[in-house]
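Chain by chain, the residues:
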Amino acid sequence: MATQHSRSAARLMMAPAVILLLGWMLVPLTMTLFFSFKKYLPLRGDSVANGLEWVGFANYARFLSSSSFWPSVQATLIIVGGVLVITIVFGILLAILLDQPMWGQGVVRIMVIAPFFVMPTVSALVWKNMFMDPTNGILAHLWKAFGAEPVQWLSQASLPSLILIVSWQWLPFATLILLTAIQSLDSEQLEAAEMDGAPVLKRFWFIILPHLSRAITIVILIQTIFLLAIFAEIFVTTGGAFGTKTLSYLIFQRVLESQNVGLGSAGGVYAIILANILAVLLMRVVGKNLDA
Amino acid sequence: MGRIVLDQVSKSFGDVEVIPPLDLTIDDGEFTVFVGPSGCGKSTLLRLIAGLEDTTSGHIRIDGEDATNVPPAKRGLAMVFQSYALYPHMSVRKNIAFPMRMAKMSQEEQDKRIEAAAKALNLTDYLDRRPGQLSGGQRQRVAIGRAIVREPSAFLFDEPLSNLDAALRVGMRMEISELHKKLDTTMIYVTHDQVEAMTMADKIVVLQAGVIEQVGTPLELYRAPRNVFVAGFIGSPKMNLIEGAEAAKHDAHTIGIRPEHIDVSTTEGLWQGTVGVAEHLGSDTFIHIHGVPGCEPMTVRTDGEFGVKHGDTVYLTPNLAHLHRFDAEGLRLE
């Protein structure tokens with residue numbers, strides 16, 4: 001099968017894809033690293049053509065010492081953590097619910113998945129204007145109906161609101177993965193546990209939850225990757241105000257609003273480091289579920 | 001203790017009645033086998049006794065108490081499933097301990113029972129492995145171990161050997177029979193394999209389409225099948241059933257004669273036929289014979305050295321002492 005000839009032919013045929021992928025990844029990464037060591041303020045006349053001034057680690061030091069840095073890391077972690085907890089807890093409950101035989105199962109399942117198809121910008125706008133608006137939003141009307149003062153969701157409870165919006169988008173994804181996992185559970189195991197004297201909650205704890213552990217791991221890993229980079233939801237709702245400035249939003253502000261490419265690039269490198277720290281942590285904590 | 005009485009128990013799924021009302025008594029300490037073709041309702045009946053399905057009508061009494069609406073865990077029965085249903089994320093030890101843990105038994109008692117069960121089932125070296133690391137036979141033993149430690153009043157087996165290879169199946173058959181002798185507990189065993197039923201049972205219950213066709217000891221069923229279905233189902237190879245003129249000679253609609261009750265000769269006999277396929281098992285040879293009126297083909301058993309080939313003419317003589325006669329409804333005539 002794998003003769004010398006077929007191996008070199010295989011390498012040759014894979015080469016275009018590998019080169020494209022490497023270029024796709026390496027060029028932006030190298031440019032980011034390159035700019036992060038340079039003073040690059042386009043509005044002040046800096047340009048690649050004129051040559052950029054080498055500033056060493058000055059951009060890194062400045063990004064780190066900025067008063068927005070640690071709060072942005074904190075906001076990022078709170079959003080990621082909050083969304084993960086909500087999507088997994090409710091995802092499991094919804095998955096169990098959807099696994100029950102019921103009338104109109106197919107339609108209901110499709111409808112549950114629907115939020116995932118709505119673009120982040122659109123869903124954030126819908127939440128901002130139709131639900132959370134303090135005068136016209138449905139929630140405001142609900143509060144008024146009970147005689148309470150409407151909550152100014154996006155300014156008074158900005159982080160929880162944002163977590164709510166993002167969770168709404170990602171809940172279908174978690175539900176879908178967990179539902180398929182629940183469907184693969186051998187029903188004889190549940191019956192055996194029932195015969196062994198385990199009531200409903202213990203069956204959930206000792207049989208269903210361990211069975212789901214691998215699916216939960218996958219949900220956590222995939223969602224973390226995407227949640228670290230959420231942007232549209234923040235841009236549309238709070239614009240980074242009221243403590244919702246995440247690391248990726250901070251980088252956006254440095255590069256586009258302050259027009260400081262060097263500083264933004266340094267932030268980008270920090271973001272890569274943060275993502276890798278999280279990835280290593282997650283793999284150590286939950287990754288063992290993926291073995292065997 | 002473990003006397004189980006079914007009183008007019010029936011089960012329907014929607015409009016489909018899979019088990020019409022039936023009565024059955026299983027005595028304490030008895031090894032009862034439910035046997036029948038696929039889809040005859042034997043597993044459903046077992047699940048009704050286990051409490052995994054609700055009865056549509058009728059009563060189930062365990063040791064004299066009405067258990068019809070008692071949840072499965074409270075019936076004091078243990079079940080071994082066809083797929084073994086071991087908990088894949090728990091070690092063998094934890095699997096076996098699970099029912100005791102649910103019953104909040106003391107750790108000492110748990111350890112003692114696990115040790116005893118592991119010793120009895122040859123699992124001592126495997127207690128810390130996961131089910132995924134065990135062979136089929138070992139998984140089967142873990143499932144039995146999980147049932148034993150509860151010290152149930154009866155064991156329920158749902159086709160426990162059908163996932164094992166032939167050699168292992170014979171071995172496990174012996175082990176389960178020995179276990180029954182040792183524990184002396186009621187066991188109900190569901191299978192579609194009449195060999196398992198014949199070799200293991202104290203009492204066989206033959207089911208077809210949810211109806212009990214006959215209840216009796218293995219030899220009773222072999223000697224005096226109550227109807228054509230039981231006659232054809234019990235015994236291997238199957239009984240030869242002959243209809244038409246030959247049956248009329250014995251005042252019956254159908255007559256049956258087992259392959260082992262027919263003498264074969266190359267020179268003379270009552271019936272004449274030609275040899276089709278001969279199955280040589282070494283100790284015995286089963287010959288399929290074509291051309292006997294009313295029965296196509298007729299199977300006979302001869303000793304292993306009987307030398308005939310395809311196309312030879314042979315003569316058959318039934319042993320009339322072992323002839324079974326049935327009427328037009330298929331019921332046995334005495």
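All residue numbers here refer to positions counted from 1 along the written sequence of the relevant chain. Each chain is given a letter, starting from A, and each ligand a number, starting from 1, according to the order in which they appear as written. pLDDT decides what is reported in this predicted model: residues at 70 or higher carry local features, side-chain atom pairs at 80 or more are listed and counted, and totals for whole chains, interfaces and linings draw on all residues regardless.

Chemist: Hey, could you go over helix α3 (residues 107-120) of chain B for me, with residue numbers and the actual values?
Modeler: Residue and element names in this part refer to chain B. Only runs of H or I of at least four residues qualify as helices and only runs of E of at least two qualify as strands under DSSP, and these elements are numbered from the N terminus. Expected span of a helix: the number of residues minus one, times 1.5 Å. The end-to-end C-alpha distance of α3, which contains 14 residues, comes to 20 Å, matching closely the 20 Å that a straight helix rising 1.5 Å per residue would cover. On its buried face, α3 is in contact with α2 (92-102) and α4 (136-148). Count one or two residues on from α3 and you reach N122, which has phi positive near 60°. Distance between backbone-placed C-beta atoms decides contact: two residues are in contact if it is within 7 Å.

Chemist: Any details on the packing of helix α3 (residues 69-99) of chain A against helix α10 (residues 200-227) of chain A? Residues and values, ideally.
Modeler: Residue and element names in this part refer to chain A. Every axis corresponds to a line fitted to the C-alpha atoms, with the helix fit spanning only the stretch in contact, and the corresponding angles, defined between N-to-C directions, vary from 0 to 180 degrees. Remark: α3 packs on α10, axes separated minimally by 10 Å, with the N-to-C direction vectors making an angle of 145°. Of the two possible hands of crossing, α3 and α10 adopt the one that is right-handed. Residues I79, V80, V83, L84, T87, I88, G91 and I92 of α3 pack against L212, I216, V219, I220, Q223, T224 and L227 of α10. Its residues assigned to classes, the contact of α3 with α10 comprises eleven nonpolar, four polar and no charged. With the far helix as reference, a near helix turned anticlockwise by less than a right angle produces a left-handed crossing, and one turned clockwise produces a right-handed crossing. Ten residues, namely Ala, Val, Leu, Ile, Met, Phe, Trp, Tyr, Cys and Pro, are considered nonpolar, four, namely Asp, Glu, Lys and Arg, are considered charged, and the remaining ones, Gly among them, are considered polar.

Chemist: Go over the interface of chain A and chain B with me, naming the residues and quoting the values.
Modeler: Taken residue by residue, the interface counts 13 residues in chain A and 15 residues in chain B. Breaking the side of chain A that touches chain B down by element, the ones donating at least two residues are α9 (187-195) and α10 of chain A. Broken down by element, the residue count for the side of chain A that touches chain B peaks at six residues, all from α9(A). Among the residues forming the side of chain A that touches chain B, the class breakdown is five nonpolar, two polar and six charged.

Chemist: With reference to specific residues and values, describe the UniProt feature "domain: ABC transmembrane type-1" (unreviewed entry) in chain A.
Modeler: UniProt positions are given in the numbering used here, feature names are shortened, and annotations may be inferred rather than shown by experiment. As annotated in UniProt, the feature "domain: ABC transmembrane type-1" (unreviewed entry) corresponds to residues 73-282 of chain A in the numbering used here. Structurally, residues 73-282 of chain A comprises 77% helix and 0% strand, and the distance from its first C-alpha atom to its last is 17 Å.

Chemist: Please give an account of the pairing of strand β3 (residues 31-35) of chain B that cites residues and values.
Modeler: All names here are of chain B. Counting other C-beta atoms within 10 Å of each residue's C-beta, where C-beta atoms are placed from the backbone, gives the exposure class: buried for 20 or more, exposed for 12 or fewer, partly exposed between. Burial analysis of β3 places five of its five residues in the buried class, the great majority of the element. Here β3 shows a buried face lined by F31, V33 and V35 and a second buried face lined by T32 and F34. Two strands pair if DSSP finds at least two bridges between them. Relative to strand β9 (residues 203-208), β3 runs parallel, the two being bridged by four bridges. By the bridge assignment, V35 is partnered in β9 with V206.

Chemist: An account of the UniProt feature "transmembrane region" (unreviewed entry) in chain A is needed here, citing residue identities and associated values.
Modeler: All names here are of chain A. The feature "transmembrane region" (unreviewed entry), as given by UniProt, occupies residues 12-37, 75-98, 110-127, 162-182, 215-242 and 262-286 in the numbering adopted here. Annotation note: span residues 75-98, helix share 100%, strand share 0%, distance between end C-alpha atoms 33 Å. Across residues 215-242, the secondary structure splits into 68% helix and 0% strand, with the terminal C-alpha atoms separated by 35 Å.

Chemist: For the domain arrangement of chain B, give the residues involved together with the corresponding values.
Modeler: All names here are of chain B. By the assigned domains, chain B splits into domain 1 (4-230) and domain 2 (241-333). Boundaries of every domain are those given by an automatic assignment or by a domain database. Taking only C-alpha atoms, the centre of domain 1 and the centre of domain 2 are 38 Å apart. Contact with domain 1, which involves six residues of that partner, is made by seven residues of domain 2. When the residues that make up the side of domain 1 that touches domain 2 are grouped by side-chain class, the tally is four nonpolar, one polar and one charged.

Chemist: Please set out the confidence of the model for chain B residue by residue, giving values where relevant.
Modeler: Of all residues in chain B, 100% have pLDDT values of 70 or greater, and the mean over the chain is 89. In the predicted assembly, ipTM is 0.81 and pTM is 0.78. Residue-level confidence of the predictor is what pLDDT reports, using numbers from 0 through 100.

Chemist: Now, about the environment of E329(B): what can you tell me, with residues and values included?
Modeler: Along the chain, E329(B) falls in the loop between β18 (324-326) and β19 (332-333). Spatially, the C-alpha atom of E329(B) lies 35 Å from that of D28(B), the residues being 301 residues apart in sequence.

Chemist: Explain the sheet that holds strand β8 (residues 186-191) of chain B to me, and be specific about the residues and the numbers.
Modeler: All names here are of chain B. Taken in spatial order, the six strands of this open sheet run β6-β7-β8-β3-β9-β10, and their pairing is mixed. Each edge of the sheet is formed by a strand with only one pairing partner; in this case those strands are β6 (77-80) and β10 (211-216). Neighbour to neighbour, the strand axes of the sheet diverge by 15° on average, direction disregarded.

Chemist: I'd like a rundown of unusual backbone geometry, residues and numbers included.
Modeler: In terms of backbone geometry, most residues other than glycine have negative phi values and most peptide bonds are trans. Residue and element names in this part refer to chain B. In the segment running from S236 into P237, the intervening peptide bond is cis, with an omega of -5°. Tracing the sequence through the fold places P237 in the loop between α8 (228-233) and β11 (240-243). Here K104, not a glycine, exhibits a phi torsion of approximately 55°, which is positive. By the secondary structure assignment, K104 is in the loop between α2 and α3. Despite not being glycine, E159 shows a phi value in the positive range, around 40°. Mapping E159 onto the fold places it in the loop between β7 (154-158) and α5 (166-183). Given 20 C-beta atoms within a 10 Å radius, E159 is considered buried.

Chemist: Please provide a residue-by-residue account of the sheet that holds strand β17 (residues 313-318) of chain B, values included.
Modeler: Residues and elements named next belong to chain B. Taken together, the five strands give an open sheet; going across it, the order is β13-β17-β14-β15-β16, and neighbouring strands pair in antiparallel fashion. What marks the edges here is a single partner per strand, and that holds for β13 (262-265) and β16 (298-303). The sheet shows a mean angle of 45° between the axes of neighbouring strands, taken without regard to direction. Examined bridge by bridge, strand β14 (residues 271-280) and β17 share four bridges and lie antiparallel to one another.

Chemist: Which residues make up α2(B), and what values do they have?
Modeler: Residue and element names in this part refer to chain B. Burial runs high along α2: eight of the eleven residues are buried. Where α2 is concerned, the buried positions are V92, R93, N95, I96, A97, F98, P99 and M100. Looking at the buried side of α2, the elements it contacts are α3 and α4.

Chemist: Can you break down the nonpolar core residue by residue, with the values?
Modeler: Only buried Ala, Val, Leu, Ile, Met, Phe, Trp, Tyr and Cys residues enter a nonpolar core, and they are joined through C-beta atoms within 7 Å. In terms of nonpolar packing, the biggest core is built from 139 residues, with L178(A), M79(B), L156(B) and I188(B) touching the most fellow members. At twelve residues, helix α8 (residues 158-183) of chain A tops the list of elements feeding residues into this core. Split by domain, this core shows at least three residues from each of two domains, domain 1 (4-230) and domain 2 (241-333) of chain B. Apart from the residues within four sequence positions on either side, M79(B) is in contact with A192(A), M195(A), A50(B), A147(B), L156(B) and D158(B).

Chemist: Residue-level account of the environment of S68(A), with values.
Modeler: Residues and elements named next belong to chain A. Topologically, S68 is positioned in the loop between α2 (58-65) and α3. For S68, a count of 17 C-beta atoms within 10 Å translates into the label partly exposed. Once the C-alpha coordinates of S68 and V108 are considered, the two residues, 40 residues apart in sequence, prove to be 44 Å apart. Ignoring sequence-local partners within four residues, the contact set of S68 consists of K245 and L250.

Chemist: So what's going on with the pairing of strand β12 (residues 254-257) of chain B? Which residues, and what values?
Modeler: If a strand is regular, its side chains alternate between the two faces of the sheet. Residue and element names in this part refer to chain B. Residues T254 and G256 point to one face of β12 and I255 and I257 to the other, with burial holding for every one of them. Summarising the sheet, β11 and β12 pair through four bridges and their orientation is antiparallel. Of the residues in β12, the one forming a bridge with L241 is G256. As judged from the three bridges shared by β12 and β18, these two strands associate in the antiparallel manner. Of the residues in β18, the one forming a bridge with G256 is H324.

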